[in-house]
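# Observations on chain architecture
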Amino acid sequence: MPLSIFGFQALWSPYLIGVLIFITAIYFLVTTKWRKDFKVSEPLKKGEAIYFVLAMITIYIIKGSPIDVMAHIMFTMHMVQMAILLLLVPIFLIKGIPWWVWKVAIEAPVVKPLFKVLTLPVVAIFVFIGLFSFYHLPSVLDYIKLNETLHGTYTFVLFVSAVLMYWPLIQKMPNSSEMKPLHKLAYIIANAVLITPACALIIFAPNAMYETYTSGEAWLKAMELCVPASTLSSLSLSGPELFTDMKPVADQQLGGVLMKILQEIIFGVLIGAIFTKWYRSEQKDPDKITADALKAHQQKWEREQHQL
């Protein structure tokens with residue numbers, strides 16, 4: 001059965017297009033015309049603008065295109081959607097938003113102490129892995145997908161935790177301590193290892209675990225997350241088997257495998273970038289390395305004195 005039966009609104013999310021265009025317009029106004037209103041600012045870099053636009057386009061592709069509808073029909077597409085939303089988009093956002101905009105956001109009175117704790121590497125990685133693993137427990141996912149408000153809230157919290165998880169790895173705030181290359185590699189590997197049990201549970205389960213992808217009644221209720229209830233009520237649907245020939249168990253296993261593969265690809269690219277930067281830094285003139293080390297030590301000492 002073709003997806004077109006769900007209608008234009010469900011397949012192409014015109015409201016999301018409007019929201020993303022509005023956010024993009026605000027971004028360019030803040031980083032260009034309104035930049036003078038900030039105490040500290042810099043001209044918007046071309047690379048930052050490209051990363052931010054990529055983030056908006058990617059969000060629309062995975063949450064506003066037919067991919068979102070397919071993610072409610074096939075568990076495989078759900079996991080692909082999760083991988084891109086949680087492991088790729090946060091990178092684009094962190095790199096796309098200028099540091100001086102981040103500075104205003106993360107140094108707000110209420111946010112600052114929480115942000116400082118939640119971006120500690122050990123805390124950040126365990127919060128993200130914990131939320132991701134908890135979400136994919138069968139009873140939890142089935143319950144959340146049947147409540148639109150709860151689903152939206154949990155997805156947002158999970159996305160924020162992904163941004164916090166990446167922050168120690170790729171943030172470029174001036175005068176802030178940066179993880180050493182070896183520590184970055186260990187951080188990425190730890191993330192890959194800790195997420196494996198959740199993927200393994202999905203891949204090696206002997207039976208289909210999620211009712212919202214197998215039970216006709218639960219599935220139809222979950223479809224209301226992306227298809228208007230009025231549209232669904234006018235259709236005669238029994239379950240996801242109308243749109244795919246893949247067996248539920250195979251669909252579930254493929255979803256777990258693709259999640260792991262996409263994670264390894266994204267993390268592999270990050271590892272390659274870290275190695276490249278590390279190698280180039282090692283090729284610097286010894287005097288330059290010494291000068292950089294002394295400068296970093298001086299900045300650290302100044303921060304400590306300022307805190308006192």
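This structure is a prediction, so every number in the text was calculated from the model and none was measured. (Residues numbered from 1 in each chain as written. Predicted model: local features only at pLDDT ≥ 70, side-chain atom pairs only at ≥ 80, totals over all residues. Heavy atoms only, no water.)

### Focus: the overall build of the protein
Stated precisely, the cut-off is as follows: For the purposes of this entry, the term helix denotes a DSSP run of H or I that reaches at least four residues, the term strand denotes a run of E that reaches at least two, and both are numbered from the N terminus. Here the term buried applies to any residue with accessible area under 20% of the maximum for its type, exposed to any over 50%, and partly exposed to those in between, with areas from a 1.4 Å probe on protein chains only. The contact criterion used throughout is that any non-hydrogen atoms of two residues lie within 4.5 Å. Accessible surface is estimated by sampling points in the Shrake-Rupley manner with a 1.4 Å probe; for residues, cover comes only from the protein chains shown. Positive residues here are Lys and Arg, negative ones are Asp and Glu, while His and the chain termini are left out of the count. Each charge is placed at NZ for Lys, CZ for Arg, CG for Asp and CD for Glu.
Assigned secondary structure in the protein consists of 16 helices and zero strands. Dimensions along the principal axes, computed over C-alpha positions, put the protein at roughly 70 × 45 × 35 Å. Taken across its 308 residues, the protein has 40% of its residues classed as buried. A separation of at least 24 residues holds for 78% of the contacts in the protein among residues at least 6 apart in sequence. Carbon and sulfur atoms provide 69% of the accessible area of the protein, an area that totals close to 16,800 Å². Once the 25 positive and 21 negative side-chain charges of the protein are each reduced to a mean point, those two points are 10 Å apart.

### What about unusual backbone geometry?
A positive phi angle is found at Ser 13, which is not glycine, with a value near 40°. The backbone phi angle of Asn 175 is positive, close to 60°, even though this residue is not glycine. Examined against the element boundaries, Asn 175 turns out to sit in the loop between α11 (148-170) and α12 (181-204).

### Let's talk about the UniProt feature "transmembrane region" (unreviewed entry) in the protein
Inclusion rule: UniProt positions are given in the numbering used here, feature names are shortened, and annotations may be inferred rather than shown by experiment.
Per the UniProt entry, the sites bearing "transmembrane region" (unreviewed entry) are residues 12-30, 50-73, 79-102, 114-137, 149-170, 182-205 and 261-279 in this numbering. Across residues 12-30 one finds 95% helix and 0% strand; the C-alpha atoms that close the span lie 28 Å apart. Between the end C-alpha atoms of residues 50-73 there is a gap of 32 Å, over a span that is 92% helix and 0% strand.

### Topic: helix α7 (residues 99-106)
What counts is decided by this rule: Read the arc as the range of directions from the helix axis to the C-beta atoms.
Among the residues of α7, those classed as buried are Trp 99, Trp 100, Trp 102 and Ile 106. Taken end-on, α7 shows its buried residues confined to a sector of 155°, consistent with a single buried face. Residues of α7 that are buried in the fold lie against α2 (14-33), α6 (89-96), α8 (111-118) and α11.

### Digging into the packing of aromatic side chains
What counts is decided by this rule: Side-chain rings of Phe, Tyr and Trp (the six-membered ring for Trp) are treated as a pair once their centres are within 6.5 Å; stacked means planes under 30 degrees apart, edge-to-face means over 60, and tilted covers the remaining angles.
Tallied over the full model, the rule gives 14 aromatic pairs. Note on Phe 38 and Trp 100: the rings are 5.0 Å apart at their centroids and 75° apart in plane angle, and the pair reads as edge-to-face. Here the residue Phe 38 occupies a position in the loop between α2 and α3 (46-63), and Trp 100 occupies one in helix α7, the gap between them amounting to 62 residues. We classify Trp 100 as buried; its relative accessible area is 2%. On the basis of an interplanar angle of 35° and a centroid distance of 6.0 Å, the ring pair of Tyr 51 and Phe 92 is categorised as tilted. Within this pair, whereas Tyr 51 is found in helix α3, its partner Phe 92 is found in helix α6, the two being separated by 41 residues in sequence. The class of Tyr 51 is partly exposed, set by a relative accessible area of 30%. Taken together, the ring pairs connect Phe 6, Trp 219 and Phe 243 into an aromatic cluster.

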